[in-house]
Amino acid sequence: MEKPNIVNIQKYSIHDGDGIRTTIFFKGCALRCWWCHNPESQSYEKEPMINYEKCVDCGACQKHCSHGAIKFENGHFITDTKLCVGCADCTDFCILNNREVCGTQYEIKDLMKIIDKDKDFYEQSGGGVTLSGGEVMSAPIEYLETLCKRIKAKGYDLCIDTCGFAPTENYVRIAPYVDTFLYDIKVIDDEVHKKYVGQSNELILKNLETINELGANINIRIPIVVPVNDDDKSIADIIQYLKDKNIQVSRVNLLPYHNTGSSKYEKLRRPYLAKDCQVPSKDKMAKIKSEFEKNGFSNVKIGG
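Residues numbered from 1 in each chain as written. Predicted model: local features only at pLDDT ≥ 70, side-chain atom pairs only at ≥ 80, totals over all residues. Heavy atoms only, no water.

Overview of the pattern of salt bridges
In step 1: The full count for this structure, using the stated rule, is 20 salt bridges.
In step 2: Of the charged contacts in the structure, one is a salt bridge between R251 and D18, with a shortest N-O distance of 3.1 Å. On the criterion of sequence distance, the pair formed by R251 in strand β11 (residues 249-256) and D18 in the loop between β1 (6-13) and β2 (21-26) is long-range, its members being 233 residues apart.
In step 3: With a shortest N-O distance of 2.8 Å, E145 and R173 are connected by a salt bridge. (Salt bridge = Lys/Arg side-chain N within 4 Å of Asp/Glu carboxyl O. Helix = DSSP H or I, 4+ residues; strand = E, 2+ residues; numbered from the N terminus.)

Quick notes on the nonpolar core
In step 1: Formed by 69 residues in total, the largest nonpolar core has its most connected members in L131, L208, L242 and F292.
In step 2: Broken down by element, the residue count for this core peaks at six residues, all from helix α4 (residues 141-153).
In step 3: Judged by nonpolar contacts, the second largest core, of six residues, contains C61, A69, I70 and C90. (Core = buried A, V, L, I, M, F, W, Y, C linked by side-chain atoms within 4.5 Å. Buried < 20%, exposed > 50% of the residue type's maximum accessible area, 1.4 Å probe, protein only.)

Thoughts on the packing of aromatic side chains
In step 1: If you walk through the whole model with that rule in mind, you get seven aromatic pairs.
In step 2: Arranged with centres 5.2 Å apart and planes meeting at 75 degrees, the rings of Y122 and Y156 form a pair that is edge-to-face. Taken together, the positions of Y122 in helix α3 (residues 119-125) and Y156 in the loop between α4 and β8 (157-162) put the pair 34 residues apart, joining distant regions of the chain. With respect to burial, Y122 and Y156 carry one shared label: buried. (Phe/Tyr/Trp six-rings, centres within 6.5 Å; stacked < 30°, edge-to-face > 60°.)

Observations regarding the sheet that holds β11
In step 1: On the basis of which strands lie adjacent, the open sheet formed by eight strands has the order β1-β2-β7-β8-β9-β10-β11-β12 and mixed pairing. Because the sheet does not close on itself, it has two edges, and the strands there are β1 and β12 (300-302). Each strand axis lies, on average, 20 degrees off the axis of its neighbour in the sheet, ignoring direction.
In step 2: Where β11 and β12 come together, three bridges link them in parallel fashion. In the sheet register, L254 faces β12, and the bridge partner there is I302.
In step 3: Against the sheet, α4 touches β1, β2, β7 (128-132) and β8, its axis set at about 170 degrees to β7.
In step 4: Strands in contact with helix α7 (residues 202-213) are β9 (180-184) and β10 (218-224); relative to β9, the strand with the most contacts, it is inclined by about 160 degrees. (Pairing = 2+ DSSP bridges. Axes fitted to C-alpha atoms, helices over the stretch in contact; angles between N-to-C directions. Contact = heavy atoms within 4.5 Å.)

What to know about the layout of surface pockets
In step 1: A volume near 910 Å³ is recorded for the largest pocket.
In step 2: Lining the largest pocket are 34 residues; nearest its centre among them are H37, N38, D161, D184 and R221.
In step 3: Contributing elements (two or more residues each) for the lining of the largest pocket: β1, β8, β10 and β11.
In step 4: The biggest single contributor to the lining of the largest pocket is β1, with three residues.
In step 5: Here the residues of the lining of the largest pocket sort into 13 nonpolar, 14 polar and seven charged. (1 Å grid on protein atoms, 1.4 Å probe; cavity = no way out; pocket = protein on both sides within 12 Å on 5 of 7 lines; lining within 4 Å. Points joined across faces, edges and corners; volume = space filled by probe spheres on them. Nonpolar A, V, L, I, M, F, W, Y, C, P; charged D, E, K, R; others polar.)

With respect to helix α10 (residues 282-294)
In step 1: Between its first and last C-alpha atoms α10 spans 18 Å; for 13 residues at 1.5 Å apiece the expected length is 18 Å, and the two agree.
In step 2: Looking at α10, one finds that the buried residues are M285, I288 and F292. Down the axis of α10, the buried side of the element spans an arc of 65 degrees, and every buried residue falls inside it. Residues K282, D283 and K294 are exposed on α10 and point more than 90 degrees away from its buried face.
In step 3: Packing partners of the buried residues in α10 comprise β10, α8 (232-244), β11 and β12. (Expected span 1.5 Å × (residues − 1). Arc of directions from axis to C-beta.)

Set out below in structure tokens:
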């Protein structure tokens, strides 16, 4: 069975569904949201993340790289990500622990051992397990379905946190095991979506309609980013779409933009495209919340 890479397992999570949860972040996503705060989860492959600011250029990493991926250029040791295979040999010899390799593969039985450790917290808080990303729904489907079956066999509540950009058949296959889909919508205008997210939203909306027809419990999550989708028309478009398609929404989470993941881009040697984006004001967030409530959405929350 093909195994996906996983970038993080976050225990005692309280923002990825109800109660106290274990959130598993799968690596790999076809979207390129300008404001993505987990850029290390975009590539499906293992990749190095290096704090170049704190590097003292001792050269120990280069000496222990057996793939010739670390080169000395312009007075600094630089990792060529195209040559790096993610073996992590160099991380053991970095005296300042500035280097890490993002991505670990787990056998499902080993993931279940990690999940089981917090079962008492799930029971006491009404929590459970959330599979997130990256885009978990684009992970190898046999692995994902088997994991979901094992989680449900234990009686744990299961949430899928998804951006919606994955094969429709994957949603049909996984839906029977999912208690709640945490489903992202960014913007309805497809040209705006292509600009800021990197893909058309056609498949995303199709998959939302599909799981709605299957009777899924759906929480809509909307990142509010100035100037991408905070304007009146963008909000009205989302509201109208949900009403027109009769999406049965259990909750709406309005998520104010933040740039806490921006420092990761330098470590990955990528530009942070959202540097000019802004955090919406409290008044703006309250106004957006009010618009949803005026249109019949009774469970609207600012934040996760």
